[in-house]
Amino acid sequence: MGEKKKKQQKLKARLPRGFVDRTASDIRASEAMLAGIRSVFELYGFDPVETPMLEYTDALGKFLPDADRPNEGVFSLTDDDEQWMSLRYDLTAPLARHVAENFNDIQLPYRTYRAGWVFRNEKPGPGRFRQFMQFDADTVGAAGVQADAEMCMMMADTMERLGIKRGDYVIRVNNRKVLDGVMEAIGIGGDDHGETRLTVLRAIDKLDKFGPEGVRLLLGAGRKDESGDFTKGAGLDAAAIDRVIAFVEAAGSDGAQTISNLEGVVAGDSARGTEGIAELAQIAGLVAAAGYDDGRVKIDPSVVRGLEYYTGPVYEAELLFDVTNEKGQTVQFGSVAGGGRYDGLVSRFMGQPVPATGFSIGVSRLMTALKNLGKLGDDAQEAPVVVCVMDRDIGSMGQYQRFVSQLRAAGIRAEMFQGNPKNFGKQLQYADRRGSPVAIIQGSQERDDGTVQIKDLVEGKRLSGEIVDNAAWRAARPAQVSVPEGDLVAEVRKILDAQAQDREQGQ
């Protein structure tokens with residue numbers, strides 16, 4: 001007796017952890033937002049560029065090319081020549097490679113923008129995905145901090161172009177050189193103290209979350225949270241902690257006051273720190289001259305930015321309105337974009353200095369912010385008009401297709417029903433579930449008469465719940481009309497315009 005054939009298991013449909021499918025409404029909302037961002041970047045004279053999703057791993061600048069499997073933080077694979085490639089984890093490192101590879105053909109300063117997906121091989125969690133979109137703008141080849149000041153002003157204009165009101169956001173600016181100066185002043189400059197400096201940066205970055213006292217603990221021995229978990233601190237002494245806290249709390253009532261406070265903290269102990277303060281003063285002057293010092297752009301020493309390749313000014317776009325977090329607490333929305341100067345990133349490929357500055361917008365996070373403000377979703381794409389299929393002979397089908405073509409030629413979304421046409425009720429049910437505004441109906445009698453029935457599905461749904469007698473029916477807008485075939489497009493347009501007017505009036 002032969003072996004019984006094993007039943008084939010049905011394939012299970014499942015999505016990898018940390019990835020999401022996007023719906024039509026999500027995609028349309030995203031595209032509308034990206035168009036708004038793009039319009040500001042174009043206004044500033046920036047041009048688009050696109051780089052591929054895969055780069056050689058060593059070009060990303062964060063991982064060793066000779067590692068056995070450089071998958072820490074990125075998704076990697078080997079090419080047929082056994083070279084490691086990785087999915088990009090941001091859009092800045094690929095731009096640096098692109099500039100270096102095409103340096104002789106690029107006009108400097110190179111002002112460019114690009115949107116694209118980036119990938120992180122990290123543990124996913126609530127609001128933390130392995131694939132997400134960024135939208136970046138960069139200026140390569142401009143050494144002066146006027147390029148950084150322009151980036152900050154462009155970020156402000158982008159927020160307002162998307163409908164975020166002045167006062168609901170702020171662009172905060174700091175300079176890593178000033179922070180480096182503070183590190184030198186407290187004795188943790190140089191390569192030997194890299195880990196300690198990183199711990200200090202992480203502590204400063206928690207200022208909004210834990211406050212000055214919580215940061216003090218993280219700068220010292222460490223901090224225990226409410227659950228009892230202990231985070232080891234940087235191990236600084238009391239004098240060093242006082243100096244770091246004085247730095248992060250140096251923000252004054254205006255840019256001039258903040259600059260003065262920073263000068264007091266660095267106090268000439270570091271040439272690099274003094275250089276950074278001078279650059280901040282120049283940015284503050286440029287911002288004031290352009291009229292952006294009205295709360296839109298602000299010098300703020302608490303801005304850190306986590307990436308190690310920043311070499312000068314750093315900046316963040318922070319939203320100031322309140323939202324309710326997953327714990328039911330009222331908190332400010334926080335950062336939706338950030339960036340800074342990265343003069344060493346292109347230079348890795350070139351062997352010569354190539355200054356650069358730029359910022360990146362977190363598209364998904366900014367979309368969430370706009371939804372909270374009611375700035376997305378109000379102008380959703382209208383569903384298509386559905387042309388029903390009553391008769392299935394070639395002549396009738398050709399007539400239905402002609403109706404669809406006429407509507408599309410007039411710029412009206414339309415489709416001919418492609419499912420099983422046996423049950424007419426199923427066609428109207430399909431149109432209703434699609435959210436279609438209008439259904440077009442022509443049977444043999446209408447075809448002989450040269451007419452077509454146009455059913456206002458939105459009005460019909462409303463009337464079914466509101467009309468109680470014949471008088472009300474006569475006073476209402478008719479839900480279905482018969483018109484000559486030649487009037488099809490005009491009548492559909494009339495109905496769609498009436499529906500749009502109802503939406504504007506909140507009916």
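Here we summarise the structure given alongside this text. (Residues numbered from 1 in each chain as written. Predicted model: local features only at pLDDT ≥ 70, side-chain atom pairs only at ≥ 80, totals over all residues. Heavy atoms only, no water.)

**Description of the sheet that holds strand β14 (residues 385–387)**
The strand order across the open sheet formed by five strands is β15-β14-β16-β17-β18, and the pairing between neighbours is mixed. Unpaired on one side and paired on the other, β15 (414–416) and β18 (480–484) mark the two borders of the sheet. Ignoring which end each strand starts from, the neighbouring axes of this sheet average 25° apart. Note that β14 and strand β16 (residues 438–441) share two bridges and pair parallel. The residue bridging Val 387 from the neighbouring strand is Ile 440, located in β16. (Pairing = 2+ DSSP bridges. Helix = DSSP H or I, 4+ residues; strand = E, 2+ residues; numbered from the N terminus. Axes fitted to C-alpha atoms, helices over the stretch in contact; angles between N-to-C directions.)

**Remarks on a nonpolar patch on the surface**
Residues Leu 15, Val 20 and Phe 129 make up a contiguous nonpolar surface patch of about 260 Å² in total accessible area. Turning to its location among the elements, Phe 129 is positioned in the loop between β5 (110–119) and β6 (131–140). (Patch = residues over 30% accessible without salt bridge, like charges linked within 9 Å, V, L, I, M, F, W, Y side chains within 5 Å. Areas by Shrake-Rupley, 256 points an atom, 1.4 Å probe, with all protein chains shown as cover. Salt bridge = Lys/Arg side-chain N within 4 Å of Asp/Glu carboxyl O.)

**What about the packing of helix α1 (residues 24–43) against helix α3 (residues 146–161)?**
Put simply, α1 and α3 touch, their axes get as near as 9 Å, and they point 140° apart. Viewed along their axes, α1 and α3 form a crossing whose handedness is right-handed. On α3, the residues touching Gly 36, Ile 37, Ser 39, Val 40 and Phe 41 of α1 are Met 154, Asp 157, Thr 158 and Arg 161. Within the contact of α1 with α3, the residues separate by chemical class into four nonpolar, three polar and two charged. (Left-handed = near helix turned anticlockwise from the far one by under 90°. Contact = heavy atoms within 4.5 Å. Nonpolar A, V, L, I, M, F, W, Y, C, P; charged D, E, K, R; others polar.)

**Considerations on the pairing of β5**
Of all ten residues in β5, eight are buried; the element is thus mostly enclosed. Bridge count for β5 against β6 is ten bridges, and the pairing is antiparallel. Note that in β6 the partner of Gly 116 across the bridge is Gln 134. (Buried < 20%, exposed > 50% of the residue type's maximum accessible area, 1.4 Å probe, protein only.)

**What about the packing of aromatic side chains?**
Within this structure, the stated rule accounts for seven aromatic pairs. Note on Phe 19 and Phe 75: the rings are 6.3 Å apart at their centroids and 45° apart in plane angle, and the pair reads as tilted. Here Phe 19 is found in the segment before α1, whereas its partner Phe 75 is found in the loop between β2 (54–56) and β3 (76–78), with 56 residues between them in sequence. Seen from their ring centres, Tyr 113 and Phe 135 are 5.9 Å apart, and the 40° between their planes marks the pair as tilted. With Tyr 113 in strand β5 and Phe 135 in strand β6, this pair connects stretches of sequence that are 22 residues apart. Overall, Tyr 113 belongs to the buried group, its relative accessible area being 4%. On the basis of relative accessible area, Phe 135 is assigned to the buried category, the value being 1%. (Phe/Tyr/Trp six-rings, centres within 6.5 Å; stacked < 30°, edge-to-face > 60°.)

**A few points about the sheet that holds β2**
Overall, antiparallel pairing links the three strands, which are arranged β2-β4-β3 in an open sheet. The sheet is open, and its two borders are formed by β2 and β3, each paired with just one other strand. On average, each strand axis in the sheet is tilted by 35° relative to the strand beside it, whichever way the strands run. In terms of strand pairing, β3 meets strand β4 (residues 84–87) through three bridges, oriented antiparallel. Note on β4: the bridge partner recorded for Ser 76 is Ser 86.

**Section: the pattern of salt bridges**
Tallied over the full model, the rule gives 23 salt bridges. When the shortest N-O distance is used, the salt bridge between Arg 172 and Asp 300 registers 3.0 Å. Separated by 128 residues along the polypeptide, Arg 172 in strand β7 (residues 169–175) and Asp 300 in the loop between β10 (297–299) and β11 (313–324) bring together distant segments of the chain. One exposure class covers both Arg 172 and Asp 300, and it is buried. In this structure, Glu 318 engages Arg 172 in a salt bridge whose closest nitrogen and oxygen atoms are separated by 2.7 Å. Here the residue Glu 318 occupies a position in strand β11, and Arg 172 occupies one in strand β7, the gap between them amounting to 146 residues. The burial state of Glu 318 is the same as that of Arg 172; both residues are buried.

**Some details on α1**
Look at α1: 29 Å from first C-alpha to last across 20 residues, which is about the 28 Å you get at 1.5 Å a residue. Among the residues of α1, those classed as buried are Ala 29, Ser 30, Met 33, Leu 34, Gly 36, Ile 37, Val 40 and Phe 41. When α1 is viewed along its axis, its buried side chains cluster within an angular range of 155° and face the same direction. Set apart from the buried face of α1 by more than 90 degrees, the exposed residues are Glu 31 and Leu 43. If you follow the buried residues of α1, they end up packed against β5, β6, α3, β13 (356–362) and α11 (363–372). Once α1 finishes, Gly 45 follows within two positions and takes phi at roughly 90°, a positive value. (Expected span 1.5 Å × (residues − 1). Arc of directions from axis to C-beta.)

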